[in-house]
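# Coordinate inspection notes
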Amino acid sequence: MANFDQLSAAQIAAGVRAGDFSATEVARASLDAVDAREPQVQAFLEVSADLALKAAERTDQARARGEELGPLAGVPCAFKDNMHLVGTHTTCASRMLENYESTFTATCVQRMLDAGATPIGKANMDEFAFGSSTESSAFHRTNNPWDTTRVPGGSSGGSAAAVASGEVTVSLGSDTGGSIRQPASLCGVVGMKPTYGAVSRYGVVAFGSSLDQVGPFGRRVEDVALAMNALVSPGRDPFDSTSQDCPIDFLEHLEDPIAGKRVGIVPQLMEVQGLTDEVRDAVNGAARALEDQGAQVVEVDLPNIASAISAYYVIAPCEAFSNLARFDGVRYGYQEQGCATLAEQTSLSRAHGFGEEAKRRQMLGAYLLSSGVYDTYYYPAQQVRTLITQDYERAYEKCDVILMPAAPRTAFKFGELSDPTQMYASDMFTISNNIVGNGGVSVPLGLGRDSGLPVSAQLQGPAFRDRMLLQFARSIERAYDASGIVAPDFAGKGGDLA
Amino acid sequence: MPLSQKDVAGIADYARIALTGDELQEMTAYMNEAVELLKPITEYDLDGVEPTFHPIGDLSNVMGGDVVDASVRALPIDVALKNAGSSEGRYFRVPSILGTEEGDR
C-alpha cells in the first residue's frame, strides 16, 4: 500500500472511515516517518508518540462502535510549541519554558483533536515566535527539507518543515507578522493566516495580542480548508474575548472557477528593494495563470504600505513586552536560585531564561512605551495603522484579492541574515496583513528558476473572506500542478502503510 | 539623539532584564539601529487621524460577577503550582519583596 505521505487529509479520514486502514496504522506510519526523516529535518521539539497512539486508538474504537468519525479522523498533525496540549511541554523554544508542562489544552489544538486529528508532536519555532528563520530556537535548528543547509523560515519553521518533509499531513502555526506564510513559502507548502478573530488564541502563548492569529499548514489547499473547518467549529470561543463566529464551510466553493473575479497587483510592491527577480517573475506568472482562468488583473495602490514594517516594529515589540512581563520566574518558567530579593530574582530569571532576540524585542517595547517616547512612536504607529487599513479598504473596492510575493526570496543559508534588522525585512510582504487583521495564504508556485528552491505567491483578502482566498489558492495550485508534493529527499522515507 | 548605554541600562532595569556590560553595549547598538527603522512613523502628518489599537474595533471589557462558576476553567492548586520554581504548601514561594537589609529575610 501507499506511503501515508502521498495521501491527502481527506483521503486519510475516508480510508479510516472505510476501514482501508486504521487510525493506529496511520499514526504508526507518521511516527515511523518521523523516526526516519527527523535526524535530517529536526522539525520537532517533542514527539508525543503515546498521545498519538492513544488518540488513534480512541478513533478506531469509536469506529468499531459505529460512531460517526470527524473530518480529520486519523490525520497526523503537528502543533507549534507555543500551543498548550496537556501531556506535552509548551516551551516556545525558550530556556525560560524548557520544563513547562501544559496545564490545559489550547482551543485550536482541542478543535483539531475533536475533529479526529492525531497529535504527533510539538514543532520547533523561533523563541517566543521572534524571528523568520527558526534560528532563535534555544534548542536546535530546523532544516529546510528542500535543502537542509538552509533555514525553513519562521517563526513557525518546525510546523512548515514537518509538513514539507511529509512527517505529518497538516500542522498548526501562528502568524504575528508572517510566521505562517513566510515559512510556508520557504518550504513549498500551503500556509494560511486566517482573518484575526476567526481562530481562538486561547492557550496559545501570546506575542502580539492584536496581531497573533493561528492557522494551518498543508501540502494541499484542500487539507488547509479541512483544517480551517475544524478550527472555526463550533463557533466563537468564549475563552477568547476577541474570537468571532466564523460559520464558513471552507470546502464549499473550493473548486469553483474564479472567472470574472478581480485580482489586484500592487506595482510598487513588485519593485521593492530586496525582492529577487525569480520571485517577482514567478508571482507575475501566477497572475497570468489566474488570468488564463478568466480572472481580471487590475492594478491597485497601497500608498502607505512602505511604512507597515515600521508600524509593526513599534506595535509588536510593545505588545510583546507587555505579554512577556508575565515571565517573572515565580509562577512558571526559569527561576534563578539564591537571590536575596524578588526584584533580583526577576531580573536574573529573565536575563538567563530569555534568549537574545527575546530580550531585544522586550527592550525595544519597554523603551517605546516609556513616558515621552510613547507619543513619538506608539500612538503615531496606531494612527498609521488606520491609514494602512484605509488603503486596503480602498483597494478592495477595485479587486477581490491582492496577489503578491509571500517572501522576498527563497530559503537562505543558516547564519546568512545575522543582523536582526536585516532579518526583519523577511516579512516585508506579510506584515501589513497582520496590522489590518485580514487573512492571507501562501501557495506554492514550484521551484525558482535561479535558486531551484520553493517559491510562493501570497493572496490577501478582505476580513472574513478567507474562503475566497482558498478558492484562488486552489486555482493557482491547479495551474501549477503543485498539489501534495513532499520534498524529494524525504518522500517515502519510512511511513509505509502496512 | 541616539540612546546612550546609560539610557539602555535604565530601560533594562525597568524591563527587569539584568544585562552584563557586554550585553549592554550590544543592546545599545541594536536599539539605535531598530529605532532608526521606525523613523518613517515620525515623518507623517497625522493630524485628525484616529488610531487603530486593534483590528476588531468594537471590543469592550468582558465583565463577570465575583462568583465561582463551575464552567470556568480554574486550575486546581496542584496543577497551578506544578510549574513553579519554588512553592510551599498551597503557595508560590518568593524571596523578600522589600529589601536586602539585615532582618528582611
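What you are looking at is a predicted structure, and each value in this text was computed from that prediction instead of being measured.

Let us now look at the overall build of chain B. On a plain count of helices and strands, chain B comes out with 4 helices and 2 strands. Mapped from its N terminus to its C terminus, chain B presents α and β elements in the order α-α-α-α-β-β. Relative to its length of 105 residues, chain B is extended, with a C-alpha radius of gyration of 23 Å against a globular reference of 13 Å. Structurally, chain B occupies a C-alpha span of about 55 × 50 × 25 Å along its principal axes. Considering chain B as a whole, with its 105 residues, one finds that 18% of them fall into the buried category.

We now examine the pairing of strand β2 (residues 76–80) of chain A. Residues and elements named next belong to chain A. In terms of burial, β2 is largely enclosed, as 5 of its 5 residues are buried. Alternating positions in β2 separate into two faces, P76, A78 and K80 on one and C77 and F79 on the other, with burial throughout. The sheet contact formed by β2 and strand β3 (residues 118–123) spans 5 bridges and is parallel. The residue bridging C77 from the neighbouring strand is P119, located in β3. Two strands pair when backbone bridges link them, and β2 and strand β4 (residues 170–175) are joined in this way by 3 bridges, in the parallel orientation. Among the inter-strand pairings, A78 is bridged to a residue of β4, identified as S171.

Quick look at the sheet that holds strand β7 (residues 262–265) of chain A now. Residue and element names in this part refer to chain A. Here 11 strands make up an open sheet; going across it, the order is β1-β3-β2-β4-β6-β5-β10-β11-β9-β7-β8 and the pairing mixed. Edge positions in the sheet fall to β1 (44–47) and β8 (296–299), since each of these pairs with one other strand and no more. Pairwise comparison of adjacent strand axes, ignoring direction, gives a mean angle of 30 degrees for this sheet. Pairing of β4 with strand β6 (residues 213–218) involves 6 bridges; the strand directions are antiparallel. Counted as the bridge partner of D175 is Q213 from β6. Contacting β5 (190–193), β9 (401–405), β10 (440–447) and β11 (454–460), helix α16 (residues 466–480) runs over the sheet at an angle of about 5 degrees to β10.

Moving on, we come to the domain arrangement of chain A. Residue and element names in this part refer to chain A. Taken domain by domain, chain A comprises domain 1 (4–262 + 442–480) and domain 2 (305–383). The interface is formed by 19 residues belonging to domain 1 together with 17 residues belonging to domain 2. When grouped by side-chain class, the residues that make up the side of domain 1 that touches domain 2 number 9 nonpolar, 8 polar and 2 charged.

A word on the pairing of β3 of chain A. Residue and element names in this part refer to chain A. With 6 of 6 residues buried, β3 is to be regarded as a mostly interior element. Where β1 meets β3, 3 bridges bridge the pair, whose relative direction is antiparallel. When the bridges of β3 are listed, V47 appears paired with G121. Handedness of the β2-helix α4 (residues 107–114)-β3 crossover: right-handed.

The next point concerns unusual backbone geometry. All names here are of chain A. Cis geometry is found at the peptide bond from G154 to S155, where omega equals 10 degrees. Within the secondary structure, S155 sits in the loop between β3 and α5 (157–164). Residue P234 is reached from S233 by a cis peptide bond, and omega for that bond is 5 degrees. Examined against the element boundaries, P234 turns out to sit in the loop between α7 (221–232) and β7.

Moving on, we come to the UniProt feature "active site" (unreviewed entry) in chain A. All names here are of chain A. The positions that UniProt labels "active site" (unreviewed entry) are, in the present scheme, K80, S155 and S179. Considering the C-alpha atoms alone, the annotated residues occupy 100 residues of sequence yet fold into one spot, their largest mutual distance being 10.9 Å. Structurally, the position occupied by K80 is in strand β2. With 34 C-beta atoms counted inside 10 Å, the residue K80 sits in the buried group. Residues contacting K80, with those up to four places away along its chain left out, are A123, M125, S156, G158, S159, L172, G173 and S174. Within the secondary structure layout, S179 lies in the loop between β4 and α6 (181–187).

On to the packing of helix α12 (residues 356–368) of chain A against helix α1 (residues 5–14) of chain B. One can describe the packing of α12 of chain A onto α1 of chain B by two numbers: an axis separation of 9 Å at closest approach and a directional angle of 100 degrees. As summarised for this structure, α12 of chain A and α1 of chain B are arranged roughly perpendicular, according to the angle between their axes. In this structure, α12 of chain A uses M363, A366 and Y367 of chain A to contact α1 of chain B, whose residues at the interface are I11, A12 and Y14 of chain B. Residue composition of the contact of α12 of chain A with α1 of chain B, grouped by class: 6 nonpolar, no polar and no charged.

Listed by partner, the interface residues are 45 residues for chain B and 53 residues for chain A. Contributions of two or more residues to the side of chain B that touches chain A are made by α1, α2 (21–37) and α3 (39–42) of chain B. At 6 residues, α2 of chain B tops the list of elements feeding residues into the side of chain B that touches chain A. A class-by-class count of the residues in the side of chain B that touches chain A yields 31 nonpolar, 9 polar and 5 charged.

A few words now on the nonpolar core. Core analysis: the biggest nonpolar cluster contains 176 residues, and M112 and V314 of chain A have the highest contact counts within it. For this core, the element with the highest residue contribution is helix α10 (residues 308–324) of chain A, accounting for 12 residues. Shared between two domains, this core takes at least three residues from each, and those domains are domain 1 (4–262 + 442–480) and domain 2 (305–383) of chain A. Those residues in contact with V314 of chain A that lie beyond four places of it in its chain are L368, Y377, Y378 and A381 of chain A together with L38 and I41 of chain B.

A word on the UniProt feature "domain: Amidase" (unreviewed entry) in chain A. Taken from the UniProt record, the annotation "domain: Amidase" (unreviewed entry) applies to residues 25–470 of chain A. Segment residues 25–470 of chain A splits into 39% helix and 13% strand. End C-alpha atoms: 30 Å apart.

All right, on to α1 of chain B then. Among all positions in α1 of chain B, only V8, I11 and A12 of chain B are buried. All buried residues of α1 of chain B fall inside an arc of 100 degrees around its axis, so they share one side. Residues of α1 of chain B that are buried make contact with α12 of chain A together with α2 of chain B. At the exit of α1 of chain B stands R16 of chain B, carrying a positive phi of roughly 55 degrees.

What counts and what doesn't
Along each chain, residues carry numbers from 1 onward, in the same order as the chain's sequence is written. Chain letters start at A and ligand numbers start at 1, both assigned in the order the entries are written. Whole-chain, interface and lining totals are the exception, using all residues; otherwise, since this is a predicted model, local features are given only for residues with pLDDT of at least 70 and side-chain atom pairs are given and counted only at 80 or more. Where helices and strands are cited, they refer to DSSP runs of H or I of at least four residues and of E of at least two residues respectively, numbered from the N terminus. Radius of gyration: over C-alpha atoms. The globule rule applied is 2.2 Å multiplied by the number of residues raised to the 0.38 power. Residues with at least 20 neighbouring C-beta atoms inside 10 Å of their own are called buried, those with 12 or fewer are called exposed, and the rest are partly exposed, where every C-beta is derived from the backbone. Two strands are said to pair when DSSP picks up at least two bridges between them. Axis definition: a line fitted to C-alpha atoms, limited for helices to the stretch in contact. Angles are taken between N-to-C directions and run from 0 to 180 degrees. In this description, a residue-residue contact is defined by the distance between C-beta atoms placed from the backbone, which must lie within 7 Å. What marks off one domain from the next here is an automatic or database domain assignment. Asp, Glu, Lys and Arg are counted as charged, while Ala, Val, Leu, Ile, Met, Phe, Trp, Tyr, Cys and Pro are counted as nonpolar; the rest, among them Gly, fall into the polar class. Whether a crossover is right-handed comes down to one check: with the strands pointing away from the viewer, does the path from the first strand over the helix to the second run clockwise; if it does, it is right-handed. UniProt positions are given in the numbering used here, feature names are shortened, and annotations may be inferred rather than shown by experiment. Should an angle lie under 35 degrees it is considered roughly parallel, over 145 roughly antiparallel, and from 65 to 115 roughly perpendicular; all remaining angles are considered oblique. In plain words, the nonpolar core is the set of buried Ala, Val, Leu, Ile, Met, Phe, Trp, Tyr and Cys residues that C-beta atoms within 7 Å link up. Of all possible arcs, the one meant is that of the directions from the helix axis to the C-beta atoms.

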